[in-house]
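# Report on the structure
Spelled out from the first residue to the last, the chains are:
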Amino acid sequence: MTFIVNVKRFLWVVLLIPAGLTAQTFNWDAVKQQVISAHPLAKQADYLLGLGSAAILKAKGAFDPKIYGTHDAKSFNGKNYFQLSESGLKGQARGGLEWKGAYQLATGN
């Protein structure tokens with residue numbers, strides 16, 4: 001029974017193929033280019049290369065100085081209890097040393 005079904009499928013395929021259709025051959029470069037552009041693992045590998053470049057850029061940026069500022073205050077019933085402010089510049093040298101320059105202001109009753 002399976003043999004007859006397979007023969008019928010084979011005959012349908014053979015009869016449906018046009019007589020003028022010839023086989024197309026691919027060269028290695030065309031196949032390789034198609035796989036690189038369409039295969040999911042190739043796309044994932046390209047994405048991982050981009051992540052590596054971003055990690056290198058982030059690592060280089062760790063030595064850039066950073067400007068920061070903070071402000072804390074407490075007031076209750078119209079009375080100002082305290083105000084703490086700090087602003088500055090901090091960074092890291094290539095030897096692992098960290099530096100910081102800041103201005104602090106504290107007022108209150």
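Above this text sits the structure in question.
### A word on the sheet that holds strand S2 (residues 79-92)
Spatially, three strands are ordered S1-S2-S3 in an open sheet, and the strand pairing comes out antiparallel. One side of each edge strand has no neighbouring strand; the edge strands of this open sheet are strand S1 (66-76) and strand S3 (98-108). The average undirected angle you get between the axes of adjacent strands in this sheet is 10°.

### Some details on the packing of helix H2 (residues 28-38) against helix H3 (residues 40-61)
For the pair H2 and H3, interaxial distance at closest approach is 5 Å and the crossing angle is 65°. If you check the angle between H2 and H3, you find them roughly perpendicular. Contacts between H2 and H3 involve Val35, Ile36, Ser37 and Ala38 on the former and, on the latter, Pro40, Ala42 and Lys43. Of the residues assigned to the contact of H2 with H3, the class counts are five nonpolar, one polar and one charged.

### Regarding the packing of aromatic side chains
Using the criterion set out here, one finds zero aromatic pairs in the structure. Above the ring of Tyr81, the side-chain terminus of Lys74 is found at 5.3 Å from the ring centroid. One residue, Lys90, lies across the ring of Tyr68, its end atom 5.3 Å from the ring centre.

What counts, and where the lines are drawn
- Residues numbered from 1 in each chain as written.
- Predicted model: local features only at pLDDT ≥ 70, side-chain atom pairs only at ≥ 80, totals over all residues.
- Heavy atoms only, no water.
- Pairing = 2+ DSSP bridges.
- Helix = DSSP H or I, 4+ residues; strand = E, 2+ residues; numbered from the N terminus.
- Axes fitted to C-alpha atoms, helices over the stretch in contact; angles between N-to-C directions.
- Parallel < 35°, antiparallel > 145°, perpendicular 65-115°, else oblique.
- Contact = heavy atoms within 4.5 Å.
- Nonpolar A, V, L, I, M, F, W, Y, C, P; charged D, E, K, R; others polar.
- Phe/Tyr/Trp six-rings, centres within 6.5 Å; stacked < 30°, edge-to-face > 60°.
- Lys NZ or Arg CZ within 6 Å of the ring centre and 35° of its normal.

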